[in-house]
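Observations on the three-dimensional arrangement
Below, each chain spelled out in residue letters.
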Amino acid sequence: MAALGKVYLIGAGPGAPDLITVRGARLLAQADVVLYDALVTPEMLALCERAEKISVGKRSGQRSTAQTHINEQLVDCARRYQAVVRLKGGDPMLFGRADEELRALEAEGIEVEVVPGITTAVAAAAATLQPLTKRGVARSVAFFTSSTAPDHPEHPALPETDTLIQYMGGREAAATAERLLAQGRRPDLPVITVENCSRPDQRVRRLLLSDLAHGLETAHGPVLVMIGEALQRREHQPDDK
Ligand SMILES: C[S@@+](CC[C@H](N)C(=O)[O-])C[C@H]1O[C@@H](n2cnc3c(N)ncnc32)[C@H](O)[C@@H]1O
């Protein structure tokens, strides 16, 4: 039987093609096959010209069936190819179903290497020139989501950190704001939303926690919601791009 290939779980970063790591780009260029997510941009796929490219982007709803299929595809590819890349938006180890994929590959004895990527939270901090921690003001940060697995539908408690970064929060943002206000957070706490971070159509909006409780404007791309005192504009800070 032919030797099993190796699977690389690579973080593509937030979208801009030059925000992937050097290691990630090198492995992409050498890949035989690349299975990529919906949030991976066409510019990023230009880095793996010679590879067979398989879109495994999934929409919400029927997510577990889709994930099982992706796991099977990964195992199948590792049986047929030497260098298999699983390319995920941001960092593969954050909100990316990496646990399921690692379990499926490990169960078949397939070697895996993870290459980190720039997660959206730190890319959004850079894009808005807004540190997530601030001496004397914010010493803790939580990356969280209110999106729940179908078999765990209840809403978990919100983190009690100084800065909160909500992934997959577009539809949940108003409810999150209401819960934070009910927990005693200040209504004038700064909030920043970043849509399509690092891409040409990036949109930054600044509002207050009390505004967020009324919901977000409709977004056309992925949105990250950042909440906390550290996000207060500095006196001479340039306008957002
Ligand atoms: C399934 S999670 C994947 C997160 C990814 N693994 C990471 O580390 O950034 C998808 C969510 O990440 C955020 N996201 C990913 N890319 C983004 C981008 N370019 N701009 C804004 N938000 C983004 C959004 O909140 C989106 O709903």
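The structure this text deals with has already been given above.
Every value quoted in this text rests on a predicted model; they were computed, and no experiment measured them.

On to the packing of aromatic side chains. Across all of its chains, the model carries 2 aromatic pairs by this definition. With a centroid separation of 4.8 Å and an interplanar angle of 45 degrees, the aromatic rings of phenylalanine 95 and tyrosine 167 are classed as tilted. Of this pair, phenylalanine 95 sits in the loop between strand 4 (83-88) and helix 4 (98-107) while tyrosine 167 sits in strand 7 (residues 163-167), and the two are 72 residues apart along the sequence. For phenylalanine 95, a relative accessible area of 36% translates into the label partly exposed. Aromatic ring contacts, followed pair by pair, group Phe95, Phe143 and Tyr167 into a single cluster.

Let us look at helix 1 (residues 22-30). For helix 1, the set of buried residues is Gly24, Leu27 and Leu28. Projected down its long axis, helix 1 shows its buried positions confined to an angular sector of 105 degrees, all on one face.

Moving on, we come to the pattern of salt bridges. In this structure the tally under the stated criterion is 19 salt bridges. Among the salt bridges present, the one from glutamate 100 reaches arginine 97, with a minimum N-O distance of 2.6 Å. On the basis of relative accessibility, which here comes to 28%, the residue glutamate 100 falls in the partly exposed class. A relative accessible area of 26% places arginine 97 in the partly exposed class. With its nearest N and O atoms 3.6 Å apart, the salt bridge here joins arginine 205 to glutamate 217. With arginine 205 in strand 9 (residues 203-208) and glutamate 217 in the loop between helix 7 (209-212) and strand 10 (223-227), this residue pair connects regions lying 12 residues apart in the sequence. A single network of salt bridges, built from pairs that share partners, joins Lys6, Arg23, Glu111 and Glu113.

Quick notes on the rules
- Going along each chain's sequence as written, the residues are numbered from 1 onward.
- Per-residue local features are limited, in this predicted model, to residues with pLDDT of at least 70; the limit for side-chain atom pairs, both in listing and counting, is 80 or more; totals at the level of whole chains, interfaces and linings are taken over all residues.
- To obtain the side-chain values, all non-hydrogen atoms of the structure were used and water was disregarded.
- Any Phe, Tyr or Trp ring, taking Trp's six-membered ring, that has another such ring centre within 6.5 Å forms a pair; planes under 30 degrees apart are called stacked, those over 60 apart edge-to-face, and the others tilted.
- Here a strand is any run of E in DSSP of at least two residues, a helix any run of H or I of at least four, and the numbering for each starts at the N terminus.
- Three exposure classes are used, based on accessible area relative to the maximum for each residue type with a 1.4 Å probe and protein chains only: buried under 20%, partly exposed in between, and exposed over 50%.
- In this context, the arc is that of the directions from the helix axis out to the C-beta atoms.
- Throughout this description, the term salt bridge denotes a Lys or Arg side-chain nitrogen within 4 Å of a carboxyl oxygen of Asp or Glu.

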